[in-house]
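Residue strings, one per chain:
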Amino acid sequence: MGDGRRRRKKGMADHWQRVVEKESNSVDFVYSSFPYSYRPYSVSYYRSLINNDLLHAVILPALEGDNLRNDESVRMAIPIEKVQLIDDVNEAQSLLLKGYVMVLLEGDGKHDGILIPVPVVGGRSVTAPEVEFTVLGPKEAFVERLDTNLGLVRRRLPVSDLRVHRIEIGSLSKTQIAVLHIEGIANPENVKTVQDRVKKICYDDIIDSSFVAQMIKDQPNSVFPELLDTERPDRVAGVLGEGKVVILVDGASQALIGPSTFSEFFTASDDYFIPWQMATFFRFVRILSSVLSIIGSPLYVALLTYHYELLPQDLVGILIISRETVPFPPILEAIILEWAIELIREAGARLPTKVGQTIGIVGGIVIGTAAVQAGLTSNILLIIVAASALSTFTSPIYQMGNAVRLIRFPMMLAAQMWGILGIVLGVIFLCAHLIRMTSLGNPYLEPLFPLRISDFKDSYIRLPFSMQRRRPLELRTKDSQYMPKGDSSQGGSSE
């Protein structure tokens, strides 16, 4: 450091001088000294993290007054909230990296650092949901700013009982986590479980909420998601009212909801904006579609390898004709076609939107038609694989769709080795795995296991709102009533 800069820092306390010298190694760090003011001072900040207009229009003019005699008078003169007097060097360094400006009074003696919050407010504006889009209902989705997302939730739940606990994790990223629940409704054990697990996360860089979801899972080796992720503030407001706990991560546009059950991953926001009969029908469609996606190709492999006798005689003739030029056994034929579908899907997801749509449509038609004409696969298997691929898209939650995609392959191997018995054993193993799973310590397969008839009203089926007077039993909420008994003003006829 040059002699001129040393002279400007002559009156600065040693501990603050070390902070400035350390941070000045970054090209975007700014240190400016004002020795000719009524009370000499210096400002330090990262210009890439602060609002420069606010600094020059508000803060610097306020520091030129003739009544600035000590740290407290400077703090009172600056017309910005949350100005802090800090003597801890480490805390000051942390705040500088969060968009604070540090003001130091120069002269003899030891002074506190005056930290002023002027972070630059950036990021995209609130837009319509892209993954969980609905024809009816609200058209707002979370963004990457934590404060904006908290505002979207509070606007839908303007109650003082909504509690927000902030936790900082990530030794490098210093990611802000917000844990939300409604006091007086949510089970304190669930809230404590979430907070304890988040605090125990030991990882340098937390980029997204999916990092948190994987690190606080009960069964980290399971392919099934345990925490429901959503981009819709209205869905978050609804589950908070049920008594669930929500996790918001700064920098992530997805909220995490827990504890969650298996049935909730087949529940879409649309289900609450349409009549209950249609909502129940669509939930059955999603569940049956996922079952078809898992056992469709394995069933084809099993029947053609071991169980021709189970097929109608007319269908056997059609299958023989469709496969007469296919040189591969059914298992290899199915794996090749499934692998081709996965390649098309991944290519479409990684390319720009317009190009990806073209690749998905044209690629599927061209490859499928060419494979059948070349005799590499049968047209019946092509129909089954296409139906299975479409079925995976019926799940409203992306993570559950991915789990269904993966399960198909071990099921096909089981069908090749043991036929229909292999499929049955695979289904039994899958059910046993789901029964053992928990989400934040709560049963994952509830209300099927343990059996709770009252919780079926909004799980695999959806009954009218007038019949949903009690919150789910599995949450063990403090207040179990949605509305007072006998009050039918908001849900049709009384029970």
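Residues numbered from 1 in each chain as written. Predicted model: local features only at pLDDT ≥ 70, side-chain atom pairs only at ≥ 80, totals over all residues. Heavy atoms only, no water.

Colleague: I'm lost on the packing of helix α10 (residues 276-305) against helix α12 (residues 330-350) in this one. Help?
Modeller: Two numbers describe a pair of packed helices, the interaxial angle and the distance between the axes. Relative orientation of the contacting elements α10 and α12 amounts to 160 degrees, with a least axis distance of 9 Å. In terms of their interaxial angle, α10 and α12 are classed as roughly antiparallel. Judged by the sense of rotation from one axis to the other, the crossing of α10 with α12 is right-handed. For the pair formed by α10 and α12, the contact residues are S297, Y300, V301, L304 and T305 on the first element and P330, I331, E333, A334 and E338 on the second. Partitioning the contact of α10 with α12 into residue classes produces six nonpolar, two polar and two charged. (Axes fitted to C-alpha atoms, helices over the stretch in contact; angles between N-to-C directions. Helix = DSSP H or I, 4+ residues; strand = E, 2+ residues; numbered from the N terminus. Parallel < 35°, antiparallel > 145°, perpendicular 65-115°, else oblique. Left-handed = near helix turned anticlockwise from the far one by under 90°. Contact = heavy atoms within 4.5 Å. Nonpolar A, V, L, I, M, F, W, Y, C, P; charged D, E, K, R; others polar.)

Colleague: For this particular structure, what's the right way to read the sheet that holds strand β9 (residues 245-249)?
Modeller: Across a sheet, paired strands are connected by hydrogen bonds in the backbone, their directions being either parallel or antiparallel. Strand order in the open sheet formed by five strands is β6-β7-β9-β10-β8, with antiparallel pairing between adjacent strands. Sheet topology places β6 (162-169) and β8 (228-230) at the edges, where each strand pairs with a single neighbour. Direction aside, neighbouring strands of the sheet carry axes that sit 25 degrees apart on average. Pairing geometry for β8 and strand β10 (residues 255-258), over three bridges, is antiparallel. The residue of β10 that forms the bridge with T230 is A255. Packing of helix α9 (residues 233-242) onto the sheet brings it into contact with β6, β7 (175-182), β8, β9 and β10, and relative to β7 it is tilted by some 50 degrees. (Pairing = 2+ DSSP bridges.)

Colleague: It is not clear to me how the packing of aromatic side chains should be interpreted in this structure. Could you clarify?
Modeller: Two descriptors summarise a pair of aromatic rings, namely the distance from one centre to the other and the angle between the planes of the rings. Counted according to the given criterion, the structure contains nine aromatic pairs. Judged by centre distance (4.8 Å) and plane angle (20 degrees), the ring pair of F34 and Y41 falls under stacked. Take F34: its relative accessible area is 25%, and that puts it in the partly exposed class. Taking the centre distance of 6.5 Å and the plane angle of 65 degrees together, the rings of Y203 and F211 count as edge-to-face. In this structure Y203 comes out as partly exposed when scored by relative accessible area, which is 44%. For F211, a relative accessible area of 27% translates into the label partly exposed. Taken together, the ring pairs connect F224, F262, F265, F266 and Y444 into an aromatic cluster. Between the NZ or CZ atom of K139 and the centre of the ring of F133, over which it lies, the distance is 6.0 Å. The residue whose ring lies beneath R462 is F465, and the NZ or CZ to ring-centre distance is 4.7 Å. (Phe/Tyr/Trp six-rings, centres within 6.5 Å; stacked < 30°, edge-to-face > 60°. Buried < 20%, exposed > 50% of the residue type's maximum accessible area, 1.4 Å probe, protein only. Lys NZ or Arg CZ within 6 Å of the ring centre and 35° of its normal.)

Colleague: It is not clear to me how the confidence of the model for the chain should be interpreted in this structure. Could you clarify?
Modeller: Atom-level detail of predicted coordinates should not be read off regions where pLDDT is low. In this model, the chain carries a mean pLDDT of 84, and residues with pLDDT of at least 70 account for 88%. Predicted confidence is poor over residues 1-11, with pLDDT under 50, and the contacts of this stretch with residues over four places away or in other chains come to 14 contacts. This stretch, residues 485-495, has a pLDDT under 50; its non-local contacts, to residues over four places away or in other chains, come to 15 contacts. (pLDDT = per-residue confidence, 0-100.)

Colleague: How should the pairing of strand β4 (residues 100-105) be read in this particular structure?
Modeller: Side-chain direction in a regular strand flips from residue to residue, so the side chains alternate between the two faces of the sheet. Among the six residues of β4, six are classified as buried, and the element is accordingly described as predominantly covered. Judged by which residues are buried, β4 turns out to be covered on both faces: Y100, M102 and L104 on one side and V101, V103 and L105 on the other are all buried. The sheet contact formed by strand β2 (residues 41-46) and β4 spans four bridges and is antiparallel. If you follow V43 over to β4, its bridge partner there is V103. One ladder, built from four bridges, connects β4 with strand β5 (residues 113-117); its direction is antiparallel. Across the sheet, residue V103 finds its bridge partner in β5, namely I114.

Colleague: What am I meant to see in helix α14 (residues 379-392) here?
Modeller: Residues spaced three or four apart along an α-helix face the same direction, because each turn holds 3.6 residues. Between its first and last C-alpha atoms α14 spans 20 Å; for 14 residues at 1.5 Å apiece the expected length is 20 Å, and the two agree. Listed in full, the buried residues belonging to α14 are I380, L381, V385, S388, A389, S391 and T392. Tucked into the core, α14 has its buried residues touching α10, α11 (313-322), α12 and α15 (398-418). (Expected span 1.5 Å × (residues − 1).)

Colleague: How do you make sense of the sheet that holds strand β1 (residues 29-34) when you look at a structure like this?
Modeller: Spatial strand order, β1-β2-β4-β5-β3: five strands in an open sheet with antiparallel pairing. Strands with a single pairing partner mark the edges of an open sheet, and in this sheet they are β1 and β3 (84-86). Sheet twist, expressed as the mean angle between neighbouring strand axes with direction ignored, is 25 degrees. Where β3 meets β5, three bridges bridge the pair, whose relative direction is antiparallel.

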